[in-house]
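Each chain, letter by letter, is given below.
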Amino acid sequence: MLPANDDGSVDNLYRGDKMSLLESYISHQIWLQRTASHEAGLVVPFIQQMRDEVRDEVLKFGDDSRTAARLNKMLRDLDAALRGIAGDWNDVLLEDLQELAKYEADWNVKTLADNVDANFTTPSPEQVWSAVKFEPLALSDKPVDFNSLLNNWAESEVQRLTTGVRSGFVQGLTTRQIVKSVVGAGGLADVSQRNAMTIVKTAMNHVSTVAKDATYEKNKDIVEGYELIITLDSRTSAICRNWPPGKVYKLTDRYQPKPPFHFACRTTTAPVISSEFDFLDKGSKRAAKGAEGGTQIDADTSYYEFLKQQPAWFQDEALGPVRGKIFRNSGVTPEEFRSISIDGFGRPMTLKEMSALDSRVAQYLNER
């Protein structure tokens with residue numbers, strides 16, 4: 001179930017607030033991130049069930065009569081129970097993601113129609129959901145199948161918990177020590193919960209992106225391409241902050257990078273409308289979170305232009321202390337810094353590689 005706003009609406013942009021097209025997509029991504037956090041929280045009761053199952057099985061096993069046969073049977077029973085719980089959560093998540101896919105397609109068409117004087121076609125829910133399942137995710141240049149993304153969590157985390165239990169018995173720990181290390185505070189179950197939340201945020205970005213893609217493709221006589229919209233704050237990843245600002249990827253291009261680009265990616269896309277159609281997007285503003293908190297800046301501000309306006313400590317937090325000093329003191333512009341920070345495959349450059357690309361960086365590092 002998609003969470004509603006305080007006034008009962010699901011998305012602020014359905015209330016008739018007048019925003020530009022770009023502002024609408026940026027604002028919607030903020031809503032999507034909030035929705036992803038809500039959805040990620042829904043895994044907590046299922047993780048608690050897994051904690052309870054581990055605790056009950058281990059304590060029931062006891063500290064006496066520890067035979068290999070008894071241990072193996074207990075581990076088989078535990079594995080089956082944990083897989084059942086993980087499967088229940090997966091069913092809930094899939095249902096919510098399918099609802100999100102339909103919602104995102106409807107939202108995209110409504111927002112386009114509100115801003116552009118043209119008739120738009122909505123892709124069917126079946127089309128969008130089919131694309132969600134079969135479009136691979138390019139996570140750090142490693143294609144991942146959507147179903148595998150979800151299923152691998154269950155496989156990995158069930159194995160993590162059962163292996164933790166087995167290792168505890170092999171090491172001769174007491175049952176209470178095993179319970180503490182596997183499901184206690186700071187234990188293995190905490191890792192499983194964090195990983196589940198990351199999977200949710202990644203999957204929701206994928207669903208949103210695919211719904212946008214399906215909408216753009218259905219209306220390619222009006223939408224000629226898209227641009228990447230990067231979140232502006234100190235947590236933005238090296239991969240995302242180095243995408244070229246304002247670059248338009250046409251729907252006819254062979255290379256069309258699509259988020260999510262890594263786990264828990266917050267980057268999104270916004271449509272680029274053909275100049276034949278009447279719409280207004282000049283003067284758009286967007287939210288950013290700098291050293292002094294939230295603010296509004298020009299929507300076409302690049303990540304490094306935003307970063308240049310921040311104090312040194314904020315730059316160091318985002319880039320690291322050495323790169324922060326290079327960014328401030330070597331004499332390169334924000335765009336020049338971006339271009340020497342990653343290679344053609346989106347891999348962050350080493351300091352040595354950055355020096356080889358720009359003599360000002362090399363000179364600054366030699367003089368430090």
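Before reading on, note that the structure itself is shown above.
Everything numeric here is computed off the predicted structure, so don't read it as measured data.

Draft legend 1. Structural view of the overall build of the protein. A tally of regular secondary structure across the protein gives 14 helices and 7 strands. For the protein, the exposed area adds up to about 18000 Å²; of that, 51% sits on carbon and sulfur atoms.

Draft legend 2. A negative patch on the surface, seen in detail. A cluster of acidic residues, Asp 88, Asp 91, Glu 95 and Glu 99, forms a negative patch on the protein surface. Relative to the helices and strands, Asp 88 resides in helix α3 (residues 68-115).

Draft legend 3. Just the packing of helix α2 (residues 44-61) against helix α6 (residues 175-183), in detail. Where α2 meets α6, the axes come as close as 9 Å, and the angle between the chain directions of the two elements is 165°. Accordingly, the angle class assigned to the pair α2 and α6 is roughly antiparallel. Both α2 and α6 take part in a crossing whose hand is right-handed. For the pair α2 and α6, the contacting residues are Arg 51, Val 54, Arg 55, Val 58 and Leu 59 in the first and Thr 175, Arg 176, Ile 178, Val 179, Val 182 and Val 183 in the second. In the contact of α2 with α6, the residues fall into 7 nonpolar, 1 polar and 3 charged.

Draft legend 4. Looking closely at the environment of Val 58. Looking at where Val 58 falls in the secondary structure, it is placed in helix α2. For the pair formed by Val 58 and Leu 78, sequence separation is 20 residues and the distance between their alpha carbons is 9.1 Å. For Val 58, the contacting residues outside a window of four places in its chain are Val 165, Phe 169, Thr 175, Ile 178 and Val 179.

Draft legend 5. Expanded view of the pattern of salt bridges. In the structure shown here, the tally under the stated rule is 15 salt bridges. Asp 316 serves as the salt-bridge partner of Arg 328, at 3.0 Å between the closest nitrogen and oxygen. In this pair, Arg 328 sits in helix α11 (residues 321-329) while Asp 316 sits in helix α10 (residues 312-319), placing the two residues 12 residues apart along the sequence. Three or more residues joined by partner-sharing salt bridges are found here, namely Asp 79, Arg 83 and Glu 155.

Draft legend 6. Inspection of the packing of aromatic side chains at higher detail. What the rule picks out here adds up to 10 aromatic pairs. Residues Trp 31 and Tyr 103 carry aromatic rings whose centres are separated by 5.2 Å and whose planes lie at 40° to one another, so their mutual orientation is tilted. Here Trp 31 is found in helix α1 (residues 21-41), whereas its partner Tyr 103 is found in helix α3, with 72 residues between them in sequence. For the pair Trp 31 and Tyr 103, a shared accessibility class is recorded, and that class is buried. Between the aromatic rings of Trp 243 and Phe 261, the centroid separation amounts to 4.6 Å while the plane-to-plane angle is 35°, which identifies the pairing as tilted.

Draft legend 7. Spotlight on the side chain of Asn 242. Locating Asn 242 in the fold gives a position in the loop between α8 (238-241) and β4 (249-250). Among the polar contacts made by the side chain of Asn 242, one reaches the main-chain carbonyl oxygen of Ala 238 at a distance of 2.6 Å.

Draft legend 8. Representation of the environment of Ile 230 within the structure. Within the fold, Ile 230 resides in the loop between β3 (223-229) and α8. Separated by 12 residues in the primary sequence, Ile 230 and Asn 242 place their C-alpha atoms 9.3 Å from one another.

Calculation notes
- Residues numbered from 1 in each chain as written.
- Predicted model: local features only at pLDDT ≥ 70, side-chain atom pairs only at ≥ 80, totals over all residues.
- Heavy atoms only, no water.
- Helix = DSSP H or I, 4+ residues; strand = E, 2+ residues; numbered from the N terminus.
- Areas by Shrake-Rupley, 256 points an atom, 1.4 Å probe, with all protein chains shown as cover.
- Patch = residues over 30% accessible without salt bridge, like charges linked within 9 Å, V, L, I, M, F, W, Y side chains within 5 Å.
- Salt bridge = Lys/Arg side-chain N within 4 Å of Asp/Glu carboxyl O.
- Lys, Arg positive; Asp, Glu negative; His and termini not counted.
- Charge placed at Lys NZ, Arg CZ, Asp CG, Glu CD.
- Axes fitted to C-alpha atoms, helices over the stretch in contact; angles between N-to-C directions.
- Parallel < 35°, antiparallel > 145°, perpendicular 65-115°, else oblique.
- Left-handed = near helix turned anticlockwise from the far one by under 90°.
- Contact = heavy atoms within 4.5 Å.
- Nonpolar A, V, L, I, M, F, W, Y, C, P; charged D, E, K, R; others polar.
- Phe/Tyr/Trp six-rings, centres within 6.5 Å; stacked < 30°, edge-to-face > 60°.
- Buried < 20%, exposed > 50% of the residue type's maximum accessible area, 1.4 Å probe, protein only.
- Polar contact = N/O pair within 3.5 Å; in protein donor to acceptor, adjacent residues only side chain to side chain.

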